[in-house]
Amino acid sequence: MTGTGRLAAARRFFPILEWGKTYNRDTLTNDAVAAVIVTIMLIPQSLAYALLAGLPAEVGLYASILPLVAYAIFGTSRALAVGPVAVVSLMTAAAVGNIAAQGTAEYIAAAVILAFLSGLMLLVMGVFRLGFLANFLSHPVIAGFISASGILIAASQLGQILGIKAGGHNLVELLHGIVANIGQTNPITLAIGAGATAFLFWVRKGLKPMLLGAGVAPRLADILAKAGPVAAVAVTTLLAWGLGLADRGVAIVGDIPQGLPPFTLPQFDADIWMSLAGSAALISVIGFVESVSVAQTLAAKKRQRIDPDQELVGLGASNIASALSGGYPVTGGFARSVVNFDAGAETPAAGAFTAVGILLAALLLTPLLYFLPKATLAATIIVAVLSLVDLGIVRRTWAYSKADFFAVSATILLTLGFGVETGVSAGVLLSIVLFLYKTSRPHVAEVGLVPGTQHFRNIRRHRVETDPSIVTIRIDESLYFANARYLEDFIYDRVVGDRAIRHVVLMCSAVNEIDMSALESLEALNHRLNEIGIRLHLSEVKGPVMDRLERTHFLDELSGRVFLSQFEAMRALQPGGETGPAPLRC
């Protein structure tokens, strides 16, 4: 490999070498300001999401330090903010809860293993450029899963808001627990939780306009609005401390270890690794899909681009870094990334600066959080996850595609009824089934010539010219094992009983691939049509498809010809038409 090739390879795996060479003081200032805003937002979220995952609060801080640094080195998005997120936290709790009980050392160790496994899977997928696999997941199905997860997460926090115990893995269990124990509601806890929730909703929608109306500078107003959760944490912590609310039944976070994240090596236990492998794969795929969706959306706004395969490497390195620092699985967060973008982040260095802020919080601020009510963190989670709920996807898919509607509805119902693991597994399976179903029944149309042109259109939609001896079939899909028989049946049904037909032309302008099963189907079709006196022709075959066909015996055995265009086929095959050599390459 030449020096230029080595440099290109290094820049592919280390994007920091690309954007780092143009880094300057102005960029540093913008990244630093964005980091301050995201840090303010991330501290309470990290604590809350760790509790949602069934882990000690400090684990959320640990998962928000080294992963951000790793992504700054390996990631390609200029605005993606990596860290703990609600859906992955819920999936972590569901996966690790099958291995050990919450609150035990084994539970924490299993969460570390889960992060490490997820990181390895993402890293391997990135190195081998397997990012395209995520394209098999239907976005409406994923949206349905995330909406259902948001409802589950919000319901799981109602117990903390009420000050009662109400556990469960699905919506039925959670609601049953709440109803059964609602008589034990702690009024003080309810006042704190409901008050914090209402305040945070107001901060999200109303504080910034109010500050702007009062003449506050836009940047300062934005920072103050994003600091809403910090204000809720500070006020309720002071109340809990000053009024001794812990002695009156209000659950508090308690002691949070102060100091640097511990260096942690994942335990190697083959049984645990095998038990967590499936969950790690699901977390990896869901996290990657959401991260790439957010990253691509934000990059497009500044006419930038991301590399999905390198994003796999960046997210993989982030998860491995999280595991090595005692954290749990992380991914790109939608809300934090949007805040990071809006705050003016220009490079992934903003994430590294955010990591410094979280590190300082872990070193200096954790003693101040001893009296933090868990109801406040529950309110933070509820407000954050309800923004993910988009039940309108059900109405939109019903109006646009019934197949998508049933897939989305099934994913939502299974997630709510049977839990997050069943829901995400169903979502992945339904995405694949939906793809196979749609491509197994491709749009196939009989076409004719638009008068006065050389264009061919569907005979059912346009007034076109046809010849009774020629049937032209246009296939609007690549041909592969799942749809080859469908095309065969369509053509047989069309030609049987019509004694005037002498030629069948397959118009292949939309065919990008013909696999071995489809090739065998075409060979059988050619043979059976030839037996009843009908010649099979191809037109508008793309070059790469033609290259592969020429490596087989199919063209030698083809009863008809290969035409450069459908117009030439029609002109040549009509009675008294032209004749010429075949095959022709498109």
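About the criteria used
- Residues numbered from 1 in each chain as written.
- Predicted model: local features only at pLDDT ≥ 70, side-chain atom pairs only at ≥ 80, totals over all residues.
- Heavy atoms only, no water.
- Helix = DSSP H or I, 4+ residues; strand = E, 2+ residues; numbered from the N terminus.
- Buried < 20%, exposed > 50% of the residue type's maximum accessible area, 1.4 Å probe, protein only.
- Contact = heavy atoms within 4.5 Å.
- Areas by Shrake-Rupley, 256 points an atom, 1.4 Å probe, with all protein chains shown as cover.
- Lys, Arg positive; Asp, Glu negative; His and termini not counted.
- Charge placed at Lys NZ, Arg CZ, Asp CG, Glu CD.
- Pairing = 2+ DSSP bridges.
- Right-handed = clockwise from strand over helix to strand, strands pointing away.
- Axes fitted to C-alpha atoms, helices over the stretch in contact; angles between N-to-C directions.
- Patch = residues over 30% accessible without salt bridge, like charges linked within 9 Å, V, L, I, M, F, W, Y side chains within 5 Å.
- Salt bridge = Lys/Arg side-chain N within 4 Å of Asp/Glu carboxyl O.
- Arc of directions from axis to C-beta.
- Parallel < 35°, antiparallel > 145°, perpendicular 65-115°, else oblique.
- Nonpolar A, V, L, I, M, F, W, Y, C, P; charged D, E, K, R; others polar.
- Polar contact = N/O pair within 3.5 Å; in protein donor to acceptor, adjacent residues only side chain to side chain.
- Left-handed = near helix turned anticlockwise from the far one by under 90°.

1. Quick word on the overall build of the protein
Line of reasoning, step 1. If you tally the helices and strands in the protein, you get 26 helices and eight strands.
Line of reasoning, step 2. With respect to the three principal axes, the spread of C-alpha positions in the protein is 100 × 65 × 60 Å.
Line of reasoning, step 3. Burial statistics for the protein: of 586 residues in total, 52% are counted as buried.
Line of reasoning, step 4. Long-range contacts, defined as pairs at least 24 residues apart, comprise 78% of the intrachain contacts of the protein with a sequence gap of at least 6.
Line of reasoning, step 5. If you sum the accessible surface of the protein, you get close to 26,600 Å²; carbon and sulfur atoms cover 62% of it.
Line of reasoning, step 6. Side chains of the protein give 42 positive and 41 negative charges; the mean places of these two sets differ by 8 Å.

2. Re the pairing of strand E6 (residues 503-507)
Line of reasoning, step 1. Here E6 lies mainly inside the structure; five of its five residues are buried.
Line of reasoning, step 2. Residues of E6 alternate between two faces, with His 503, Val 505 and Met 507 on one and Val 504 and Leu 506 on the opposite face, all of them buried.
Line of reasoning, step 3. Note: strand E5 (residues 470-475) against E6, five bridges, orientation parallel. Following the sheet pairing, Val 471 is matched in E6 by Val 504.
Line of reasoning, step 4. For the crossover from E5 across helix H22 (residues 484-495) to E6, the handedness is right-handed.
Line of reasoning, step 5. Relative to strand E7 (residues 535-539), E6 is paired through five bridges, and the arrangement is parallel. When the sheet's bridge partners are listed, Leu 506 is paired in E7 with Leu 538.

3. Some remarks on unusual backbone geometry
Line of reasoning, step 1. If you check the backbone angles, Arg 129 has positive phi at about 55 degrees while not being a glycine.
Line of reasoning, step 2. Checked against the element boundaries, Arg 129 lands in the loop between helix H7 (105-127) and helix H8 (139-156).
Line of reasoning, step 3. Residue class for Arg 129 comes out partly exposed when judged on its relative accessible area of 43%.
Line of reasoning, step 4. Of note, Glu 540 is a non-glycine position whose phi angle comes to about 55 degrees, a positive value.
Line of reasoning, step 5. Here Glu 540 is to be found in the loop between E7 and helix H24 (543-549).

4. Considering the sheet that holds E7
By definition, the strands of a sheet pair up through backbone hydrogen bonds, in either a parallel or an antiparallel sense.
Line of reasoning, step 1. Sheet architecture is open: six strands sit in the order E4-E3-E5-E6-E7-E8, paired in mixed fashion. Every other strand in the sheet has two partners, leaving strand E4 (456-458) and strand E8 (562-563) as the edge strands with one partner each.
Line of reasoning, step 2. When strand E3 (residues 444-449) meets E5, the two strands line up antiparallel, connected through three bridges. Residue Glu 446 lies in a different strand from E5, and its bridge partner there is Ile 473.
Line of reasoning, step 3. Sheet strands touched by H22: E3, E5 and E6. Its angle to E5, the strand with the most contacts, is close to 160 degrees.
Line of reasoning, step 4. The sheet strands contacting helix H26 (residues 566-573) are E3, E4, E5, E6, E7 and E8, and the helix crosses E6 at an angle near 170 degrees.

5. Structural notes on a nonpolar patch on the surface
Line of reasoning, step 1. A cluster of nonpolar side chains, contributed by Phe 132, Leu 133, Phe 136, Ile 432, Phe 435, Leu 436 and Phe 481, occupies part of the molecular surface with about 620 Å² of accessible area.
Line of reasoning, step 2. The topology assignment puts Phe 481 in the loop between E5 and H22.
Line of reasoning, step 3. Under the relative-accessibility criterion, Phe 481 is labelled exposed at 55%.

6. A few points about helix H19 (residues 392-400)
Line of reasoning, step 1. Listing the buried residues of H19 in full gives Gly 392, Ile 393 and Thr 397. Taken end-on, H19 shows its buried residues confined to a sector of 130 degrees, consistent with a single buried face. Residues of H19 that are exposed and point over 90 degrees away from its buried face: Arg 395 and Ala 399.

7. Quick notes on the pattern of salt bridges
Line of reasoning, step 1. Under the definition given, this model contains eight salt bridges.
Line of reasoning, step 2. One salt bridge connects Asp 390 with Arg 396, and the closest N-O pair in it is separated by 2.7 Å.
Line of reasoning, step 3. Among the salt bridges present, the one from Arg 494 reaches Asp 498, with a minimum N-O distance of 3.3 Å.
Line of reasoning, step 4. Exposure remark for Arg 494: the relative accessible area of 27% places this residue in the partly exposed category.

8. Thoughts on the packing of helix H6 (residues 86-96) against helix H21 (residues 420-440)
Line of reasoning, step 1. Following both chains from N to C, one finds H6 and H21 inclined at 110 degrees, their axes separated by 9 Å at the closest point. In terms of axis orientation, H6 runs roughly perpendicular to H21. Contact residues: Leu 90, Met 91, Ala 94 and Ala 95 in H6; Val 420, Glu 421 and Val 424 in H21.
Line of reasoning, step 2. Among the residues forming the contact of H6 with H21, the class breakdown is six nonpolar, no polar and one charged.

9. Brief notes about the pairing of E7
Line of reasoning, step 1. Counted residue by residue, E7 has four buried out of five residues, so it is predominantly covered.
Line of reasoning, step 2. Following the backbone out of E6, through helix H23 (residues 516-531) and into the adjacent parallel E7, one traces a crossover that is right-handed.
Line of reasoning, step 3. Bridge analysis of E7 against E8 gives two bridges, and the strand direction is parallel. Counted as the bridge partner of Leu 538 is Val 562 from E8.

10. A look at the side chain of Thr 39
Line of reasoning, step 1. Within the secondary structure, Thr 39 sits in helix H3 (residues 25-52).
Line of reasoning, step 2. With a relative accessible area of 10%, Thr 39 lands in the buried category.
Line of reasoning, step 3. Polar side-chain contacts of Thr 39 include one of 2.6 Å to the backbone oxygen of Ala 35.
Line of reasoning, step 4. Beyond its immediate sequence surroundings of up to four residues, Thr 39 is in contact with Thr 354, Gly 357 and Ile 358.

11. Side note on helix H5 (residues 66-74)
Line of reasoning, step 1. What H5 keeps buried is the set Pro 67, Leu 68, Ala 70, Tyr 71 and Ala 72.
Line of reasoning, step 2. Residues of H5 that are buried sit in contact with helix H2 (16-19), H3, helix H4 (57-62), strand E1 (82-83), helix H15 (308-324) and helix H17 (349-364).

12. Overview of the packing of H19 against helix H20 (residues 402-418)
Line of reasoning, step 1. Put simply, H19 and H20 touch, their axes get as near as 6 Å, and they point 155 degrees apart. Overall, the two elements H19 and H20 adopt an arrangement that is roughly antiparallel. The hand of the H19/H20 crossing is left-handed. Of the residues in H20, those in contact with Ile 393, Val 394, Thr 397, Trp 398 and Tyr 400 of H19 are Lys 402, Asp 404, Phe 405, Val 408, Ser 409 and Ile 412.
Line of reasoning, step 2. Classifying every residue of the contact of H19 with H20 gives seven nonpolar, two polar and two charged.

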